[in-house]
Amino acid sequence: MQNIFLKSAVLVLALFSFFYADAQQSISGNISDNNNGSTLPGAGVYIPDLKMGASSDIDGNFKINNLPKGKFLIQISYIGYKPISQFIETTSEEKLKFRLEPTSVEAREIVITGSPVATDNDHNSVHVTLMDRKELLALPAGNIIDAIAHTPGVSQVTTGSAVSKPVIRGLGGNRIITLHDGVRQEGQQWGEEHGIEIDKFAAEKVEVLRGPSSLIYGSDALGGVINIIEPIPAEPGSLAGSFDSQFADNGPYLGNSLMLEGNHKGLHARVRASYVHAGDIETANSFLENTGYREKNFNSNIGLNKKWGYTHLNISSYDAHIGFYEPEVGQQLHRIPLTLAHSGTSDVEPELDGIKLPFQKV
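### Describing the pattern of salt bridges
One pass over the full model with this rule turns up three salt bridges. Of the charged contacts, one joins Arg133 and Asp244 as a salt bridge, the two residues approaching to 2.6 Å between their closest N and O atoms. With Arg133 in helix 2 (residues 133-138) and Asp244 in strand 15 (residues 239-248), the pair connects residues that are 111 residues apart, well separated along the chain. Looking at Arg133, the relative accessible area reads 15%, which means it is buried. Taking the relative accessible area as the measure of exposure, Asp244 reaches 16% and is therefore buried. Between Asp244 and Arg272 there is a salt bridge, and its shortest N-O distance comes to 3.8 Å.

### A short note on the side chain of Asn30
For Asn30, the location among the structural elements is in strand 1 (residues 27-33). Given a relative accessible area of 14%, Asn30 falls into the buried group. At 2.8 Å, the side chain of Asn30 forms a polar contact with the side chain of Asn61. Residues within four places of Asn30 in sequence aside, it is in contact with Thr39, Asp59, Gly60, Asn61, Phe62, Lys95, Leu96, Lys97, Phe98 and Arg99.

### A closer look at the confidence of the model for the protein
Confidence in the prediction for the protein averages 76 pLDDT; 76% of positions are at 70 or higher. Taking the mean pLDDT of every element in the protein, the minimum, 46, falls on helix 4 (residues 338-343) and the maximum, 91, on strand 17 (residues 267-278). Ignoring residues within four places in sequence, the model shows residues 9-23, a span with pLDDT below 50, making six contacts including any to other chains. Long-range and interchain partners of residues 338-353, a stretch whose pLDDT sits below 50, account for 32 contacts in this model, where long-range means more than four residues apart.

### Quick notes on the sheet that holds strand 2 (residues 44-47)
In a beta sheet, neighbouring strands pair by backbone hydrogen bonds and run either parallel or antiparallel. Strand order across the open sheet formed by four strands is 3-2-5-6, with antiparallel pairing between neighbours. Both outer strands of the open sheet, strand 3 (52-55) and strand 6 (84-89), are each paired with one neighbouring strand and no more. Ignoring which end each strand starts from, the neighbouring axes of this sheet average 25° apart. Looking at chain direction, strand 2 and strand 5 (residues 71-77) are connected through three bridges and run antiparallel. When the sheet's bridge partners are listed, Gly44 is paired in strand 5 with Ser77.

### Quick word on unusual backbone geometry
Of note in the backbone geometry, Arg169 takes a positive phi value of approximately 50° without being a glycine. Tracing the chain through its elements places Arg169 in the loop between strand 10 (163-168) and strand 11 (176-180). For Lys265, which is not glycine, the phi torsion reads 55° and is therefore positive. Given the relative accessible area of 63%, Lys265 is considered exposed.

### Brief notes about the nonpolar core
Membership of the largest hydrophobic core comes to 21 residues, with the highest contact counts inside it found for Ile27, Ile31, Ile47, Ile64, Ile74, Ile76 and Phe98. The contact partners of Ile74, leaving out residues within four places of it in the chain, are Ile27, Val45, Tyr46, Ile47, Ile84, Ser85, Gln86, Ile88 and Phe98.

### Some remarks on empty space enclosed by the protein
The full count for this structure, using the stated rule, is three cavities of 30 Å³ or more. Lining the largest cavity are 13 residues, and of these Gly142, Asn143, Ile144, Ile198 and Glu295 lie nearest its centre. When its volume is computed, the second largest cavity comes out at roughly 40 Å³. Taken together, ten residues form the lining of the second largest cavity, with His194, Gly195, Tyr318, Ile322 and Val362 sitting closest to its centre. In the lining of the second largest cavity, the residues fall into six nonpolar, two polar and two charged.

### Brief notes about the pairing of strand 11
Of all the five residues making up strand 11, five are buried; the element is thus mostly covered by neighbouring parts of the structure. Burial along strand 11 is two-sided: Ile176, Thr178 and His180 and Ile177 and Leu179, pointing in opposite directions, are all buried. Across five bridges, strand 11 lies against strand 14 (residues 224-229) in parallel orientation. The partner of Leu179 across the bridge, within strand 14, is Asn227. Sheet topology places strand 11 next to strand 12 (residues 183-184); two bridges connect them, and they run antiparallel. Each bridged residue has a counterpart across the sheet, and for Leu179 the counterpart in strand 12 is Arg184. Between strand 11 and the antiparallel strand that follows it, strand 12, lie two residues; Asp181 among them carries a positive phi value of about 55°.

### Examining the sheet that holds strand 8 (residues 128-132)
Pairing is mixed in the open sheet, where five strands are placed in the order 8-13-14-11-12. What marks the edges here is a single partner per strand, and that holds for strand 8 and strand 12. In the sheet, strand 13 (residues 205-209) pairs with strand 14 via five bridges, with the strands oriented antiparallel. Residue pairing in the sheet places Glu207 in a bridge with Asn227 of strand 14.

How each quantity is defined
Residues numbered from 1 in each chain as written. Predicted model: local features only at pLDDT ≥ 70, side-chain atom pairs only at ≥ 80, totals over all residues. Heavy atoms only, no water. Salt bridge = Lys/Arg side-chain N within 4 Å of Asp/Glu carboxyl O. Helix = DSSP H or I, 4+ residues; strand = E, 2+ residues; numbered from the N terminus. Buried < 20%, exposed > 50% of the residue type's maximum accessible area, 1.4 Å probe, protein only. Polar contact = N/O pair within 3.5 Å; in protein donor to acceptor, adjacent residues only side chain to side chain. Contact = heavy atoms within 4.5 Å. pLDDT = per-residue confidence, 0-100. Pairing = 2+ DSSP bridges. Axes fitted to C-alpha atoms, helices over the stretch in contact; angles between N-to-C directions. Core = buried A, V, L, I, M, F, W, Y, C linked by side-chain atoms within 4.5 Å. 1 Å grid on protein atoms, 1.4 Å probe; cavity = no way out; pocket = protein on both sides within 12 Å on 5 of 7 lines; lining within 4 Å. Points joined across faces, edges and corners; volume = space filled by probe spheres on them. Nonpolar A, V, L, I, M, F, W, Y, C, P; charged D, E, K, R; others polar.

In structure tokens form, the structure reads like this:
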């Protein structure tokens, strides 16, 4: 009996030692300027296939723990420098050294779409156009498809301020696949008044895949693929947040979004709440009745990144009230003179919300 207990104890200790040693798999390195050798604090280090990353400290050093054994693509990026992408072996004990070249024009980021593994855009035969978060929020757009429509080869079919459907090289509807972090969004493919059901503030970047290579997603991707990607998990041991706000005087339009995220020993979470408020579209001397809309969006992400891989749970809620613009029969345009509307002599009362019957709730 004692022998069995002793053997069991030895086996448990051996397994524990094995998993403990395997859990210590890590990489470390240093990031500096290639010209003068100065360190680059705050440089980004990211492994796309594992969704793990870190930032360099004040001395340019970084370390990522709990990595599985294997060969993975790593990306090093820093504002004002050309990014580096290369494959590394996590089993190597050699300290990595990255020397970044200063540049006034930054190269594109790593592209994941259209390939089973992460690859650099320069070594990828798939034609992909990338829009990052800064570009998406800088464009005058009421929704995310409206922003993407500024990309060459991409347009939109819209039936209102909040209803936009993507069109790639003349094809739309069920000839285009829209993905949100890998999940298909098919609501906008059918109904005439159905737009994309995604919070535009939640996107970190958007990849547009077109051409024959899009057929790897199936025959319904004949026109192309739009892949909307959310931000990467927060760096381990960090707690951060952000607040985005947009304003336009036509409507008026006001959009606000608050995000909080953190990461504790591989357990990470992110919560975002957004509110968009738009009134009737207004011109110099008139306005279009019932063209306003409101959006209340909430999305959260909780996940676990460990040496064996990662698992993520995404929860999102999209709530939109969209007014319908209905011209009267026999009228070419149903515009109410602004002076009459504000004087109260018109049958239509302008409202900040701009939402009256008929309207739809999505």
